[in-house]
Amino acid sequence: MRSLFLLSLLNLIIRVLAAGSKGTDDIIVKGCASYMTLGFSWNFCKKINKKQRVACFCPQSEWLDSVVACIDGLDDDPTNLNFHLKALKAYCKKGNVTTDQISSAQNHVGNLAMLNTSINSYKPRKVTTAFKLPVSQYRWGLNAYSVTQNTTDKATTYGIGMMCFWYGIVLIRSVFHWTRNFFPTLPHKLDNKATRLIRKSICCPPLLTFHHSTPATLGKSSVGTFFTFNLPTRQSAFIVLCYVAINLALLFAGLDIVEYNYNYDSWSAQYSKFLSVRSGWLVVYTLPVMFLFAGRNNFMIHMTGWPLDEFNVFHKWLGRCCFLNLVVHAGTYSYVRIHGGRYNSMWSTPYWQWGIAAIFFAGPMVFLATHWFRKLSYEIFLVIHILCAIGFVVAGYYHLDVLKEDIRVYYAVWAIWAFDRAARLGRVLVASPFSRATVTYHSNGNTLELTINYSKLWKVPPGSYVFVHIVQPTFFWESHPFSMMQGVEEDHKGSIKLFCRGLDGMTKRMIKKCLQNNGSFETYVWLDGPYHQYINTSAFSEAFFIAGGIGITAPFSYVQGHISKGFKDITVHWGIRDTAPLEWFADEISYMLDHGVQLYVHVGDETPIPSSNASFVSQGKEKATMSVLGRVELKQGRMDIMNIVTAAANNASGPLAILTCGPGPVNDLSRQAVVSNLTTSPHYIEYFEESFSW
Ligand SMILES: Cc1cc2nc3c(=O)[nH]c(=O)nc-3n(C[C@H](O)[C@H](O)[C@H](O)COP(=O)(O)OP(=O)(O)OC[C@H]3O[C@@H](n4cnc5c(N)ncnc54)[C@H](O)[C@@H]3O)c2cc1C
């Protein structure tokens, strides 16, 4: 009864379509034609290709009679027949079939003999004359036709569904983020046993026990580590796990396998083909999200309050899953062709060549993105990654284009990418492409100090960073992120200050240039920034910062913001290896002490504090350092982060915000300490982490 109703509904739709279009959308006609062509082996039209089928089969009266019998069998409403026959004529246009031929086929239907063989193999049944079939077999044929045709539609729907998963996650997170920003006291009010437990076990901890900022290692030995990789937080890992699980489910779920589907020569060929279509569209619909998450100007950073490195985690996993889908796509499709004995011929087809090119570009993108390779040379990784991404998108575009498939998703990808690049350029122009920086090298501490004069069209937001291009002939194209702060010295008010640790790439080249110029040089810089996400911390009664080494730059920027808002209760614990940072950061330390910040400086490990035999660049710095050394309390030995955080949590007078920025172990120890105090602290604690690597 239900199927009868559905069939009538189908007919109605077909009639409308048949009237509106030229009739070729008639699924019954196409289903019958396809079934009679591929489901049976005739004496004619033996060695023809796909494109020649209509022209060859349609004029054959045996075939035409059998198709009309099929249409008649599938639609028991005689008033529909004329619409179907019109549609059949339109379908057979290439075969020059006339109305008379179709009418005579219609007249033959009543006299056709019934073919009584059952469907029990994938092989086409041999026939020599026109025939009729039991209606159940026609229905089966129509079903086989429609599931085969609908594979792409269904795969597209699933691909869009996968994309919506990410938008859903972003939406949920945005609701939380903006509710917290608009009602900053709400999380404190909802602070109870249950929410604390959820935060302690899911939202805040690292995936396992420690590693998040610190890369995990594989194959550690006395000669070094074999492989390093990043582990996400438990919350990110949970989201990633859901994504991978849903991706796998969407890959395999609901593949409409029809037993003995005449379109295929085996069950495995049918399964492989459906899997190949499904995985292909999952790749395509992953692309916009994957490219969006990689961008510096991803608007979702502002929606969710998640930093770029959180989106980087998702970007990497999207890439990995995309690659997995790609391998499934290529593997299953190859199987279908090998099974059909058409593998070698495939290599000369453009769609296959573009497809192979896409995989060729995707491989290095995924494998070289692991921490171990990025650490070898970040710039080389970046260049290879971008070139491969361009190659991957171009190859994917043409792979679909030559197949006449829907390529609109690729336009979205280009648009997202172009927007990001245009926004970067826009930021550089707003900050002024003629911004000037004085770069000073503090050899005692291996640190560069950049004082930058820019357009001043924007003010340095607390906790923000900027990608800096040093406009020098040999490396102006490189851009590196550094935390920004406002200059505190009288003559640098309104300018931007950056402190950069000397490493092996761009910073090394800047140091070289400084050393060639008596420790300092001036240069043009391009500033792609500011980047930051808005966090409303007004409801916290205390701000607590933990910094390690050069990581002081990010907390200091927040401290400046807090001081400018009249925030009183600010504590900073800063762990440094030796007293050298007290020289290059002397003015900023003075600023904090002048504004009542409780600053604790932990110097060295358990060995005595090394004296600083400074090679001061300027007299001003020397004076500032001397005054700082008299005022700041130096504690010998490494920061005991667990004790510091526990004491802060227990002694807090109200909700406490803890922000950490430092080398991997400092961040990971802080996270661990916060997590272990979440359920015991008398007040609500919120943890923020700034990481200098991704
Ligand atoms: C948001 C953010 C803020 C930062 N703020 C500061 C800061 O205030 N002071 C500071 O000294 N450092 C900061 N860093 C780290 C700084 O960006 C790198 O140390 C710097 O880019 C290294 O440059 P290099 O070419 O000399 O290093 P290399 O020796 O070539 O690379 C060393 C490591 O630096 C990282 N790195 C290199 N280039 C980039 C890049 N373009 N983008 C991201 N990471 C990169 C990689 O992890 C690499 O393994 C910050 C990083 C981030 C992500």
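Residues numbered from 1 in each chain as written. Predicted model: local features only at pLDDT ≥ 70, side-chain atom pairs only at ≥ 80, totals over all residues. Heavy atoms only, no water.

**Looking at a nonpolar patch on the surface**
The grouping of Val-383, Leu-387, Ile-390, Tyr-411 and Trp-414 at the surface amounts to a nonpolar patch, some 470 Å² of accessible area in total. Of all the secondary-structure elements, those providing two or more residues to the nonpolar patch are α17 (378-402) and α18 (408-431). Mapped onto the secondary structure, Trp-414 falls in helix α18. For Trp-414, a relative accessible area of 31% puts it in the partly exposed group. (Patch = residues over 30% accessible without salt bridge, like charges linked within 9 Å, V, L, I, M, F, W, Y side chains within 5 Å. Areas by Shrake-Rupley, 256 points an atom, 1.4 Å probe, with all protein chains shown as cover. Salt bridge = Lys/Arg side-chain N within 4 Å of Asp/Glu carboxyl O. Helix = DSSP H or I, 4+ residues; strand = E, 2+ residues; numbered from the N terminus. Buried < 20%, exposed > 50% of the residue type's maximum accessible area, 1.4 Å probe, protein only.)

**Details of the state of the cysteines**
Per the stated rule, a full pass over the model turns up three disulfides. With its sulfur 2.0 Å from that of its partner, Cys-32 forms a disulfide with Cys-70. One quick way to see it: the torsion about the S-S bond of Cys-32 and Cys-70 is about -75°, and its sign makes the bridge left-handed. Linking Cys-32 in helix α2 (residues 27-38) with Cys-70 in helix α4 (residues 61-74), this pair joins segments that are 38 residues apart in sequence. For Cys-32, a relative accessible area of 0% gives the class buried. One disulfide in the model links Cys-45 with Cys-56; its S-S distance is 1.9 Å. (Disulfide = S-S within 2.5 Å.)

**Quick word on the pairing of strand β8 (residues 447-453)**
Counting buried residues in β8 gives six out of seven residues, a clear majority hidden from the surface. Two elements, strand β7 (residues 435-442) and β8, share seven bridges in a ladder whose sense is antiparallel. Across the sheet, Thr-438 pairs through a bridge with Thr-451, a residue of β8. Following β7, the chain reverses through four residues before pairing antiparallel with β8; Gly-445 in that reversal takes a positive phi of roughly 125°. The sheet contact formed by β8 and strand β12 (residues 496-501) spans six bridges and is antiparallel. Within β12, the residue paired with Glu-449 across the bridge is Phe-499. (Pairing = 2+ DSSP bridges.)

**Some details on the domain arrangement of the chain**
Domain annotation for the chain reports domain 1 (2-133), domain 2 (153-217 + 227-425), domain 3 (432-531) and domain 4 (542-690). Taking only C-alpha atoms, the centre of domain 2 and the centre of domain 3 are 35 Å apart. Taken together, the contact pairs five residues of domain 2 with seven residues of domain 3. Contact between domain 2 and domain 3 buries roughly 560 Å² in total, counting both sides, with carbon and sulfur atoms accounting for 44%. On the domain 2 side of the interface with domain 3, the three residues burying the most area are Arg-296, Leu-308 and Glu-379, jointly 80% of the side's total. Viewed at the interface, domain 3 and domain 2 are joined by one salt bridge. The salt bridge involving Arg-296 is made with Asp-528; its shortest N-O contact spans 2.6 Å. Put simply, domain 2 and domain 3 have four residue pairs in polar contact (both at pLDDT 80 or more) between them. Taken together, the residues of the side of domain 2 that touches domain 3 break down into one nonpolar, one polar and three charged. (Domains from an automatic or database assignment. Contact = heavy atoms within 4.5 Å. Buried area = accessible area lost by both parts, 1.4 Å probe. Polar contact = N/O pair within 3.5 Å; in protein donor to acceptor, adjacent residues only side chain to side chain. Nonpolar A, V, L, I, M, F, W, Y, C, P; charged D, E, K, R; others polar.)

**Things to note about helix α24 (residues 641-651)**
Among the residues of α24, Ile-641, Ile-644, Val-645, Ala-648 and Ala-649 are the ones counted as buried. Taken around the axis of α24, the buried residues stretch over an arc of 125°, which confines them to a single face. (Arc of directions from axis to C-beta.)

**Looking at the nonpolar core**
Ranked by internal contacts, the top residues of the largest apolar core, which has 105 residues, are Met-36, Trp-63, Phe-293 and Phe-392. The residues contacting Met-36, other than those within four sequence positions of it, are Trp-42, Trp-63, Ser-66, Val-67, Cys-70, Phe-131, Leu-133 and Tyr-138. (Core = buried A, V, L, I, M, F, W, Y, C linked by side-chain atoms within 4.5 Å.)

**Focus: the side chain of Glu-690**
Within the element layout of this structure, Glu-690 appears in strand β19 (residues 685-690). Summary of buried charges: Glu-690 has no salt-bridge partner, and the nearest side chain of opposite charge, Arg-671, is 11 Å away. There is a polar contact of 3.0 Å between the side chain of Glu-690 and the side chain of Tyr-558. Once residues within four sequence positions are removed from consideration, Glu-690 is found in contact with Gly-463, Ala-554, Tyr-558, Leu-659, Thr-660, Cys-661, Gly-662 and Asn-667. (Lys, Arg positive; Asp, Glu negative; His and termini not counted.)

**Quick notes on the sheet that holds strand β18 (residues 656-661)**
Taken in spatial order, the six strands line up as β17-β16-β15-β14-β18-β19 in an open sheet, and their pairing is parallel. Both outer strands of the open sheet, β17 (633-636) and β19, are each paired with one neighbouring strand and no more. In this sheet, adjacent strand axes meet at a mean angle of 20° when their direction is disregarded. Bridge count between strand β14 (residues 542-548) and strand β15 (residues 570-576): six bridges; the pairing is parallel. Each bridged residue has a counterpart across the sheet, and for Phe-544 the counterpart in β15 is Thr-571. α24 rests against β14, β15, β16 (598-603), β18 and β19 of the sheet, and its axis sits at about 175° to β14. (Axes fitted to C-alpha atoms, helices over the stretch in contact; angles between N-to-C directions.)

**Some words on the side chain of Glu-588**
Along the chain, Glu-588 falls in helix α22 (residues 586-594). If sequence neighbours within four positions are ignored, Glu-588 has contacts with Met-485, Val-488, Glu-489, Lys-497, Phe-499 and Phe-556.

**Overview of the site of the ligand**
Near the ligand you find 21 residues, and of these His-480, Pro-481, Arg-501, Met-506 and Thr-507 are the closest. With respect to the ligand, the side chain of Thr-507 contributes an N or O atom lying 2.3 Å from an oxygen atom. When isolated, the ligand has an accessible area of 870 Å², and the protein chains bury 90% of it. Counting only elements with at least two residues in the shell around the ligand, the list comes to β10 (480-483), β12 and α19 (506-516). Element by element, the count of residues in the shell around the ligand is highest for β10, at four residues. Counted by class, the shell around the ligand contains 11 nonpolar, seven polar and three charged residues. (Near = heavy atom within 4 Å.)

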